[in-house]
Amino acid sequence: MAALKLLSARSPLCASARLTGGAWSKGCVCYFSTSTRHHTKFYTDPVEAVKDIPDGATILVGGFGLCGIPENLIGALLKTGVKGLTAVSNNAGVDNFGLGLLLRSKQIKRMVSSYVGENAEFERQYLSGELEVELTPQGTLAERIRAGGAGVPAFYTSTGYGTLVQQGGAPIKYNKDGSIAIASKPREVREFNGQHFILEEAITGDFALVKAWKADQAGNVIFRKSARNFNLPMCKAAETTVVEVEEIVDIGSFAPEDIHIPKIYVHRLIKGEKYEKRIERLSVRKEKDVKTKSDKPGDNVRERIIKRAALEFEDGMYANLGIGIPLLASNFISPNITVHLQSENGILGLGKMVKGMGGAMDLVSSAKTKVVVTMEHSAKGNVHKIMEKCTLPLTGKQCVNRIITEKAVFDVDSKKGLTLIELWEGLTVDDIKKSTGCDFAVSPKLMPMQQITT
């Protein structure tokens, strides 16, 4: 990486300075050091920009879902036929687009990702033992990449403590018979101020493939809105960064303070020929779907949970909303209060056979956050969902403060367990006991389940 350091000393600094005639003098000096100069190289053919990526390379691929992915550079890798890649990316694309294309062509050996739930071919390869997968909590993945670019070899985070991320044993690769061929290793644990943290190592790559919006003729780039995502830190974490942009403009078109990535981090740059900019799941409301109210029992149950969850909002609150019921609950926020909302993927689902972590793992790790779970009380066949012990891998350990279902509301204490505080009209405590897979206390102030007024 090209660099120039100018060092100035206000106080006397003992250094040697050579004078004319070969004499040396000691005194107070200012000096500078230089390294080789760096120029961004521009390409017209994306294949030329990536053709030297060797088999077995580690590539950092920007984007979030299909937002801001380097479409043209991924297409170029298809043409080069490079094999055995380790791809570090938030996502694995979809079956016929993004990194899904390289998965389909069997060019990727290992994925290091946090969200891969839209790709059926990914799931098939993983479960059949054809693909290695290192699942990483989303915030941890972002910080591992950022740390790699900053020269920080490792860091401690509370995210993942008490889960398979910390304990190890999560399947990275299966054998064909379904047994585990490669398992994740346990993380080192340390305690700081009474809280447990795990050690995560930084991520660096041989190449970074990045999508930006515009670049100037010098190689400085800017991203458009949310397409900054993982693209920005990846620019700094690879030996060679290849950037594709939609437009190349004259030097001076960007104000210096508006530049997201300066040219020193951009080794190769190409203007993309075309962009599809797909959406993972395009849903369009049909005329017949427009209803003011549904008579389906399931929908009424869902509405009951939504209207109770909406009562959790308070004036001035910052709330992160998971997909589904939490998002819908925001429709009932009173116009008389201000709530600052943020929403993301929530818990990751990797199809029917694979479970993993996503953005939720990072959110629940904060000791200062109140975590409210909204869900239907029982699964199909009246199978318990509130249980003495989780049978699926944990997203977070002892992090839930309240549970809201269509039947009841529980407060959760890490030492005392569950306390029933609200009960739906027409149900009894015995009804809740029958549909709950663990013991719970009953509040002396037990009240009917509340609903927000509309």
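Bear in mind the structure is a predicted one, so any value in this text is a computation, not a measurement.

Comments concerning the overall build of the protein chain
Thought 1: The secondary structure content of the protein chain amounts to 11 helices and 31 strands.
Thought 2: Put simply, the protein chain has 454 residues, and 43% of those count as buried.
Thought 3: A separation of at least 24 residues holds for 66% of the contacts in the protein chain among residues at least 6 apart in sequence.
Thought 4: Within the structure as shown, the protein chain displays about 25,500 Å² of accessible surface, and the carbon and sulfur contribution to it stands at 51%.

Points about the pairing of strand β15 (residues 205-211)
Side-chain positions along a regular strand alternate between the two faces of the sheet.
Thought 1: Of all the seven residues making up β15, six are buried; the element is thus mostly covered by neighbouring parts of the structure.
Thought 2: Relative to β15, strand β6 (residues 58-61) runs parallel, the two sharing three bridges. Paired with Val61 across the strands is Leu209, a residue of β15.
Thought 3: Bridge count between β15 and strand β18 (residues 238-245): six bridges; the pairing is parallel. Of the residues in β18, the one forming a bridge with Val210 is Val243.

A short note on helix α4 (residues 120-127)
Thought 1: All of the buried residues in α4 are Glu121, Phe122, Glu123, Gln125 and Tyr126.
Thought 2: Taking the backbone nitrogen of Glu121 as reference, a side-chain oxygen 3.1 Å away marks Asn119 as the first, capping residue of α4.
Thought 3: Where α4 ends, the next residue or the one after it, Gly129, has phi of about 85°, a positive value.

Details of the sheet that holds strand β19 (residues 247-249)
Thought 1: One open sheet holds the three strands; their spatial order is β17-β16-β19, and the pairing between them is mixed. The strands lining the two open edges of the sheet, one partner per strand, are β17 (221-222) and β19.
Thought 2: Taken together, the two bridges between strand β16 (residues 214-216) and β17 define a ladder with antiparallel strand orientation. Each residue of the ladder has a partner; that of Lys214, found in β17, is Ile222.

What counts and what doesn't
Residues numbered from 1 in each chain as written. Predicted model: local features only at pLDDT ≥ 70, side-chain atom pairs only at ≥ 80, totals over all residues. Heavy atoms only, no water. Helix = DSSP H or I, 4+ residues; strand = E, 2+ residues; numbered from the N terminus. Buried < 20%, exposed > 50% of the residue type's maximum accessible area, 1.4 Å probe, protein only. Contact = heavy atoms within 4.5 Å. Areas by Shrake-Rupley, 256 points an atom, 1.4 Å probe, with all protein chains shown as cover. Pairing = 2+ DSSP bridges. Polar contact = N/O pair within 3.5 Å; in protein donor to acceptor, adjacent residues only side chain to side chain.

Take it as geometry only, folks, not as evidence of what the structure does.
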